[in-house]
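# An overview of the molecular structure
This is what each chain is made of:
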Amino acid sequence: MSWLDKVHLRDCSTLREMQHISRSVLDRLAGDRGLLSQLVNEIPDDPKRLAKSRVTLLLNRLSLFQAADDGFEIRMNLNPRVDNQLVPHDHCYPFATRILYGGYVHVVRRRTNGWTGEFSGEDIEPAMVTIERPGSAYTLGHVMVHQAIMQPDTVTLFIRGPRRKTTSHAVTELMPPKESWPAAGGGPASESRSATLTEYQDMRRYLLERSLID
Amino acid sequence: MPSTPPSGTIQLTDKAVPLPDFVRRLLGQTRAPDDIPRIAQEEAADWLLPLTEALLSWLRERESDAPCGVFLGHHCAHIPLPSADGKGLFLRVPLRSTWTAWPIDTTTVVLVVAGEVDVEVYPNQEDLRMGHPQYARSFGPEEVFATHVGTVCALRSRSTSLQVLATPRPGRDSTGIRPLPNASALYEQAERSLERILDGAR
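An account of the accompanying structure is given in this report. Quantities reported herein were computed from a predicted structural model and do not represent experimental measurements. (Residues numbered from 1 in each chain as written. Chains lettered and ligands numbered in written order. Predicted model: local features only at pLDDT ≥ 70, side-chain atom pairs only at ≥ 80, totals over all residues.)

## Details of the interface of chain B and chain A
Contacts between the two partners involve 27 residues from chain B, matched on the other side by 34 residues from chain A. Contributing elements (two or more residues each) for the side of chain B that touches chain A: strand S7 (135-139) and strand S8 (144-147) of chain B. Per element, the largest residue contribution to the side of chain B that touches chain A is 4 residues, and it comes from S8 of chain B. When its residues are assigned to classes, the side of chain B that touches chain A shows 14 nonpolar, 9 polar and 4 charged. Where strand S7 (residues 137-140) of chain A and S7 of chain B come together, 3 bridges link them in antiparallel fashion. In the strand pairing of S7 of chain B, Tyr138 of chain A is matched with Arg137 of chain B. (Contact = placed C-beta atoms within 7 Å. Helix = DSSP H or I, 4+ residues; strand = E, 2+ residues; numbered from the N terminus. Nonpolar A, V, L, I, M, F, W, Y, C, P; charged D, E, K, R; others polar. Pairing = 2+ DSSP bridges.)

Printed below as a string of structure tokens:
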């Protein structure tokens, strides 16, 4: 049990509410090195969180905490694939994030062909562009399109909010080539798959080397 | 589109306020989905004190009785600054800390010099009216953002905030603005804020 068990995001009706709650959660967790270390170190003992720790075409992630009501998940994102970052995409859920290490140029784009379904590069316009550095944080809704051009050693805390749609979308012509997608054990490449125990251990070592956990 | 600045009302010294070079790249970003400004992390730090010193120097050296072109808009006062390369450049000083819609009719880079600015982006005007953003972020000192034409956004500048706004061309958006004839108190307020930043850094 920790203070995280008392956090509820499922009932947030607006992104403004989610921003308010998640900002305080992210700030507190970023400053709670003991809890952060514990959440990373206990992943191998929790098959659910090990399965939710993933290797994706954009980056690796560790599943640090899953809310009992499934209203949110806290992740740690790391090892960005710098050659794959250009693809504009949206998410099935709102999320909030806080940069722990490294940084990136973040481009939020608005859609010009409506706010649901597929979009191409012709259907998006730049809206908000920021330079994200350690300590900065923001919240993004599920209808916005974005790109995070991360520097190689970037590590972030990430809160996935409640699911708002069934499918996410991306600009097909800028999707990274399949050769760059993660594969494991000779299996087919996929956009995202569970991390192996060895990959988890590599991620943990990466965080230790950057003094982000004990 | 930006309106033409009122002729003969803005007299600036020859000393241009220097901006970090990444501002040029942010202002030059096109709509192409693969056009991302390349900005190294080191560039994004350490611009606050040089900019503060330059602003303070300009404020102290300006002729106090010269017409200044200060205007009000979106609950903020905007002080025109001297620019080296034809950009529009303004020091924004909030008059009230309240949410206000900010129509973006030209690409604008905002450099936060002091205090905090909250920004929200909405899919459309109806969501703006209902207070349902799809992007929310607070910006503190030495943080920067660019907004592009057509973005539906609102901002709330804390009363302690000071921001430098850069646009590709001189002029200003013409929505809801009016001139501020006597701005001496505003200059003093800005000067005190800048002095506090430098005092804190010593």
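## Here's the deal with the sheet that holds S7 of chain B
What the 11 strands build is an open sheet, ordered S10(A)-S1(A)-S2(A)-S3(A)-S9(A)-S4(A)-S7(A)-S7(B)-S6(B)-S9(B)-S4(B); its pairing is antiparallel. Both outer strands of the open sheet, strand S10 (192-194) of chain A together with strand S4 (100-103) of chain B, are each paired with one neighbouring strand and no more. This sheet shows a mean twist of 25 degrees between the axes of neighbouring strands, independent of strand direction. Across the face of the sheet, helix H1 (residues 15-30) of chain A comes into contact with strand S4 (95-101), S7 and strand S9 (155-160) of chain A together with S7 of chain B while running at roughly 25 degrees to S4 of chain A. (Axes fitted to C-alpha atoms, helices over the stretch in contact; angles between N-to-C directions.)

## A word on the nonpolar core
Residues and elements named next belong to chain B. Residues Ile79, Leu91 and Val109 are the most contacted members of the largest nonpolar core, which totals 94 residues. With 6 residues, the single largest contributor to this core is strand S5 (residues 108-114). The contact partners of Val109, leaving out residues within four places of it in the chain, are Val23, Leu26, Leu27, Val144, Ala146 and Ala166. (Core = buried A, V, L, I, M, F, W, Y, C linked by C-beta atoms within 7 Å. Buried ≥ 20, exposed ≤ 12 C-beta atoms within 10 Å, placed from the backbone.)

That's the geometry; what it means functionally is another story.
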